[in-house]
Amino acid sequence: TKQALDDVTADPLARARLDGAHIYEILTAKEQPSTTVPVVPTMSFKSFASLQTTLNRGRLPRDTKAIIYDAEHWAQTPPDEQQNPGSFYQQAAAITHAHGLIFIATPAMDLVDVNGKVADPTQTFLSQNIDANAARDADVLDIQAQSLERNSSTYQDFVSKASAQARSANPSVTVIAGLSTNPHGSVITPAMLVSDIAAVAASASGFWMNIPDLGPSCPDCNQPRPEVAVGALTDGRLATINNLFTH
């Protein structure tokens, strides 16, 4: 969100780390882009239906340059879209490109639970080629791996496999990996995020730094923790890792 990015870039060292980065900033219809660093104004949609309606009726804010379609196993994404995410991601890419916008695909791992909770969501997600199908016509693919970030080896294994699938389907897609300052479960530290970033530097071109807050999209979240993102971005070990993406 705009507030999260403003909080992070208020730290001069974090802002310096982001200088020259290609940053997609998610905004609501009433928010203005950050003025602290150059950004690509972006709007996020949780259903293809709402994306289609917004674009066809000319309701997108004028300065918007990129669109995210974030299909997940939640009430905001209709059941038919959860059942067949690949088809809807390709439709979303087509209508987004028809309006001259950048398309960012970010299917959630929990889409595998649409017909009942599965025992091994990471392997099931990979076996269903969900990221590959979403990436087929996308400009950017976000691998939602943040639930795995407490173990950098597990995180690396999933991101490397998912990115390989995505690039096989679309060699030109830009792959970013999801990180979160406040995922479900135990507390996250900046050091954990730095370890994850280093682990997937060869697989991902950048990162989605998610700083969630309590709300409909994250009903189990606590207060936002931008200081965790700041701690990671100001860590000296990131000096050789460029092209960071943040939200």
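Preceding block: the structure.
Everything numeric in this text was worked out from a predicted model, so none of it was measured.

Tallying each qualifying case throughout the model produces 4 salt bridges. One salt bridge in this structure joins Lys161 and Asp157, with 3.3 Å as the shortest N-O distance. With Lys161 and Asp157 both in helix α8 (residues 152-169), this residue pair falls 4 residues apart, about one helical turn. Residue Lys161 is classed as partly exposed on the basis of its relative accessible area, which comes to 37%. Residue class for Asp157 comes out partly exposed when judged on its relative accessible area of 34%. Of the charged contacts in the structure, one is a salt bridge between Glu227 and Arg225, with a shortest N-O distance of 3.2 Å. For Glu227, a relative accessible area of 45% translates into the label partly exposed. Note on Arg225: relative accessible area 24%, which makes it partly exposed.

Time to look at unusual backbone geometry. The backbone of Asn129 sits at a positive phi, close to 55°, despite the residue not being glycine. Assignment of secondary structure puts Asn129 in the loop between α6 (121-127) and α7 (130-135).

Below, the discussion takes up the nonpolar core. Of all hydrophobic cores here, the largest spans 64 residues; its most connected members are Phe103 and Tyr155. Those residues within four positions of Phe103 in sequence are excluded, and the remaining contacts are Ile67, Tyr69, Tyr89, Ala92, Ala93, Thr96, His97, Ala138, Asp139 and Val140. With 9 residues, the next largest nonpolar core counts Val40, Ala66, Ile68 and Ile104 among its residues.

Here Thr54 is to be found in helix α3 (residues 48-56). Leaving out residues up to four positions away in the same chain, Thr54 has contacts with Phe45, Arg59 and Leu60.

Here we take up helix α10 (residues 226-233). Extensive coverage of α10 is indicated by the burial of 6 of its 8 residues. For α10, the set of buried residues is Pro226, Val228, Ala229, Val230, Ala232 and Leu233.

A large share of strand β2 (residues 40-45) lies buried, amounting to 5 of its 6 residues. Pairing between strand β1 (residues 24-26) and β2: 3 bridges, direction parallel. By the bridge assignment for β2, Glu25 is matched with Pro41. By the bridge criterion, 4 bridges tie β2 to strand β3 (residues 66-69) in an arrangement that is parallel. Bridging from a neighbouring strand, Phe45 pairs with Tyr69 of β3. Each parallel crossover has a hand, and for β2 linked through α3 to β3 it is right-handed.

Mapped onto the elements of the fold, Leu27 is located in the loop between β1 and β2. When its relative accessible area of 8% is taken as the criterion, Leu27 is described as buried. In sequence terms Leu27 and Pro61 are 34 residues apart; their C-alpha atoms lie 9.7 Å from each other.

This part takes up the side chain of Asp142. Position of Asp142 relative to the elements: it lies in strand β5 (residues 140-143). For the buried Asp142, no salt bridge is present, and the opposite-charge side chain at shortest range is Arg167, 12 Å distant. Side-chain polar atoms of Asp142 contact the side chain of Thr106, separated by 2.8 Å.

Attention now goes to the sheet that holds β3. Pairing between the strands of a sheet comes from backbone hydrogen bonds, and it takes one of two forms, parallel or antiparallel. Read from one edge to the other, the open sheet built from 7 strands follows the order β1-β2-β3-β4-β5-β6-β7, with strand pairing classed as parallel. The sheet is open, and its two edges are formed by β1 and β7 (206-210), each paired on a single side. Adjacent strand axes in the sheet meet at a mean angle of 30° when their direction is disregarded.

Let us look at the environment of Pro121. Note on placement: Pro121 falls in helix α6. C-alpha of Pro121 to C-alpha of Asp110: the two residues are 11 residues apart in sequence and 7.1 Å apart in space. When residues no more than four places from it in sequence are discounted, the contact partners of Pro121 are Met109 and Val112.

The rules behind each value
- Residues numbered from 1 in each chain as written.
- Predicted model: local features only at pLDDT ≥ 70, side-chain atom pairs only at ≥ 80, totals over all residues.
- Heavy atoms only, no water.
- Salt bridge = Lys/Arg side-chain N within 4 Å of Asp/Glu carboxyl O.
- Helix = DSSP H or I, 4+ residues; strand = E, 2+ residues; numbered from the N terminus.
- Buried < 20%, exposed > 50% of the residue type's maximum accessible area, 1.4 Å probe, protein only.
- Core = buried A, V, L, I, M, F, W, Y, C linked by side-chain atoms within 4.5 Å.
- Contact = heavy atoms within 4.5 Å.
- Pairing = 2+ DSSP bridges.
- Right-handed = clockwise from strand over helix to strand, strands pointing away.
- Lys, Arg positive; Asp, Glu negative; His and termini not counted.
- Polar contact = N/O pair within 3.5 Å; in protein donor to acceptor, adjacent residues only side chain to side chain.
- Axes fitted to C-alpha atoms, helices over the stretch in contact; angles between N-to-C directions.

The values reported here are purely geometric and, on their own, carry no functional implication.
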